[in-house]
Amino acid sequence: IVSSAGTYNLMVTNTANGGCNSLPAIVTVTGAYSLLTVPTLTSLNSICAGSDAIFTITGTTGDLVSYTGAISGTAVIGTTGSVTVTIPSPTSNTTLNLTNSTDGICSQIITGVTKTITIQKAPNAGTNGVLTLCSGSVPTHAQLFAQLGGTPDTGGTWSTIGTIYTYTVNATAP
């Protein structure tokens, strides 16, 4: 392993001819490069359905990083030391894996640098419905829920203003 520029002697052993050593050959190393910094990958853990999934790759300015997963490609680390990869409105959980980085001279395979963003579905309170009751009757929440159209989420709350009943489903924070 060469860690600095300089002149090095290289000894080659000829094993086919009784193990005699050859004459030394001179190798001049004009530059020595350090190992590349392994880039990191960050993102939010979850996002709301319909939002973009944004991954941030952080590393050494100018390095070219390859990635696979929900999309594949390459990105150059910018002058700020990072670059973003955006996946527009994914419909399911989405993952990005860093696979390789290079500075144009040295390159390295990257393993284990992966990030998954979970997609939180939007809450569904159903669609408007109609319930016919006898005068003086008060509907139960079960009767009201049964009249909602679509496929409403359970666990919501009912509120009343006069004769208008409203069903509200809280969203789960991403």
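None of these values were measured; they are calculated from a predicted model.

Caption draft 1: Representation of the pattern of salt bridges. Taken as a whole and assessed by the stated rule, the structure comprises 1 salt bridge. The salt bridge partner of Lys 121 is Asp 153, with a shortest N-O separation of 3.0 Å. One end of the pair, Lys 121, is in the loop between strand S11 (114-120) and helix H1 (141-146); the other, Asp 153, is in the loop between H1 and strand S12 (157-161), and 32 residues separate them in sequence. Looking at Asp 153, the relative accessible area reads 18%, which means it is buried.

Caption draft 2: Expanded view of the packing of aromatic side chains. What the rule picks out here adds up to 2 aromatic pairs. For the ring pair Phe 145 and Tyr 167, a centre distance of 5.5 Å and an interplane angle of 75° mean the geometry is edge-to-face. One end of the pair, Phe 145, is in helix H1; the other, Tyr 167, is in strand S13 (residues 164-168), and 22 residues separate them in sequence. Looking at Phe 145, the relative accessible area reads 27%, which means it is partly exposed. Summarising the aromatic geometry, the rings of Trp 158 and Tyr 167 are spaced 4.8 Å apart at their centres and angled 40° between planes, so their arrangement reads as tilted. Tyr 167 matches Trp 158 in its accessibility class, with the two residues each being buried.

Caption draft 3: Here's a closer look at the environment of Tyr 165. Among the structural elements, Tyr 165 can be located in strand S13. The exposure class of Tyr 165 is partly exposed, given its relative accessible area of 32%. In this structure, the C-alpha to C-alpha distance between Tyr 165 and Leu 144, residues 21 residues apart in sequence, is 8.0 Å. If we skip the residues at most four places from it in the chain, Tyr 165 touches Pro 139, Leu 144, Trp 158, Ser 159 and Thr 160.

Caption draft 4: Representation of the layout of surface pockets. Taken as a whole, the largest pocket encloses approximately 420 Å³ of empty space. Lining the largest pocket are 19 residues, and of these Gly 129, Leu 144, Trp 158, Thr 163 and Tyr 165 lie nearest its centre. Top contributing element to the lining of the largest pocket by residue count: S13, with 3 residues. The residue inventory of the lining of the largest pocket, partitioned by class, reads 10 nonpolar, 9 polar and no charged.

Definitions and cut-offs
Residues numbered from 1 in each chain as written. Predicted model: local features only at pLDDT ≥ 70, side-chain atom pairs only at ≥ 80, totals over all residues. Heavy atoms only, no water. Salt bridge = Lys/Arg side-chain N within 4 Å of Asp/Glu carboxyl O. Helix = DSSP H or I, 4+ residues; strand = E, 2+ residues; numbered from the N terminus. Buried < 20%, exposed > 50% of the residue type's maximum accessible area, 1.4 Å probe, protein only. Phe/Tyr/Trp six-rings, centres within 6.5 Å; stacked < 30°, edge-to-face > 60°. Contact = heavy atoms within 4.5 Å. 1 Å grid on protein atoms, 1.4 Å probe; cavity = no way out; pocket = protein on both sides within 12 Å on 5 of 7 lines; lining within 4 Å. Points joined across faces, edges and corners; volume = space filled by probe spheres on them. Nonpolar A, V, L, I, M, F, W, Y, C, P; charged D, E, K, R; others polar.

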